[in-house]
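Chain and residue survey
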Amino acid sequence: MKTANAEQIGILCKDDQPVFTAVASRLRDAGYTVRFFEPRSELSPSQINDLALLVNKQVFPLNLPALRFARQKGTPLWNNLLATMALSSRLIGLRALEAVGFRTPRLSFEKPEFEYVAKPYYIWDGNPELNSEGDFYQQLIHTMPVDYKYYAVNDGTRVQTAAKVVTSKLYGPKRFLTQVRPRLTLTRRLRRLVNRLDLRGVGVDFVKDNEDQFWAVDINLAAGYRDSGLEPALYDSINMALSNR
């Protein structure tokens, strides 16, 4: 048990996010102080200096100077800064997914003749939209209107994974349907991604076509991990990040 208030953990995340609220409760029980920061807020140098670890769960451009300051001053970040910045670009994210063996849809910078998903370049600039305006266009894989969400968390000893099915936001509000057993080929590549980029946590969205092939369509370092059962792994991951300073 840590001495109360001896070390403070900051989490860039709304304080009502259910998964990280549960993780924060476990951290407090272990003797840490935990403070949530509004993800669109501008953190000051004094706030960074008070932290033993900053869990950069959700990042916006306004946060980037604070994350760079934390790195310069030796305050550890949960997910490393270079990966956080690089994967904020959807195009770089898709290239990273291809590099570890995932199948990704065809891209175009002009509106294609085939059906497509319009996307902004950066994850904070809005959600993908079906057959709309975007910075680039991703081929629509014809399938059931559901997404397969895979999560990976490096707990310090191994990379734990989980998967679930949700309704696609392209056709309406996202709704949880069920947990599923992760496919071995996908989890192998997901673990490869985590290890190559030195990540603590990541989410990848897939769709499945009519031939039972999975296509990776997005990568998300700001994953919410809802309905994943990975709260213990997230706690261990954050605790291990503190131990490895």
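Residues numbered from 1 in each chain as written. Predicted model: local features only at pLDDT ≥ 70, side-chain atom pairs only at ≥ 80, totals over all residues. Heavy atoms only, no water.

**Digging into helix α5 (residues 90-99)**
- All of the buried residues along α5 are Arg90, Gly93, Leu94, Ala96 and Leu97. In a view along the axis of α5, the buried residues occupy a sector of 155 degrees, so they form one face of it.
- Tucked inside the fold, the buried residues of α5 contact β4 (107-108), β5 (116-119), β7 (136-139), α6 (184-197), β11 (201-208) and β12 (214-220).
- Positive phi shows up at glycine 101, right after α5, with a value of about 105 degrees. (Buried < 20%, exposed > 50% of the residue type's maximum accessible area, 1.4 Å probe, protein only. Helix = DSSP H or I, 4+ residues; strand = E, 2+ residues; numbered from the N terminus. Arc of directions from axis to C-beta. Contact = heavy atoms within 4.5 Å.)

**Quick word on the side chain of aspartate 205**
- With respect to the helices, strands and loops of the structure, aspartate 205 is situated in strand β11.
- For aspartate 205, the residues in contact, after removing those within four places along its chain, are Tyr148, Lys149, Trp215, Ala216, Val217 and Asp218.

**A short note on the side chain of asparagine 56**
- By the secondary structure assignment, asparagine 56 is in the loop between β3 (53-55) and α3 (64-73).
- Looking at asparagine 56, its side chain comes within polar contact range of the side chain of threonine 84, at 3.2 Å. (Polar contact = N/O pair within 3.5 Å; in protein donor to acceptor, adjacent residues only side chain to side chain.)

**Re the packing of helix α1 (residues 18-29) against helix α7 (residues 231-243)**
- Axis separation between α1 and α7 bottoms out at 9 Å; the angle between their running directions is 55 degrees. The orientation of α1 relative to α7 falls into the category oblique. Note that α1 runs across α7; the crossing there is right-handed. Taken together, the residues of α7 that come into contact with α1 (itself represented by Val19, Phe20, Ala22, Val23, Arg26 and Leu27) are Glu231, Pro232, Leu234, Tyr235 and Ile238.
- Looking at the contact of α1 with α7 residue by residue, the classes come out as nine nonpolar, no polar and two charged. (Axes fitted to C-alpha atoms, helices over the stretch in contact; angles between N-to-C directions. Parallel < 35°, antiparallel > 145°, perpendicular 65-115°, else oblique. Left-handed = near helix turned anticlockwise from the far one by under 90°. Nonpolar A, V, L, I, M, F, W, Y, C, P; charged D, E, K, R; others polar.)

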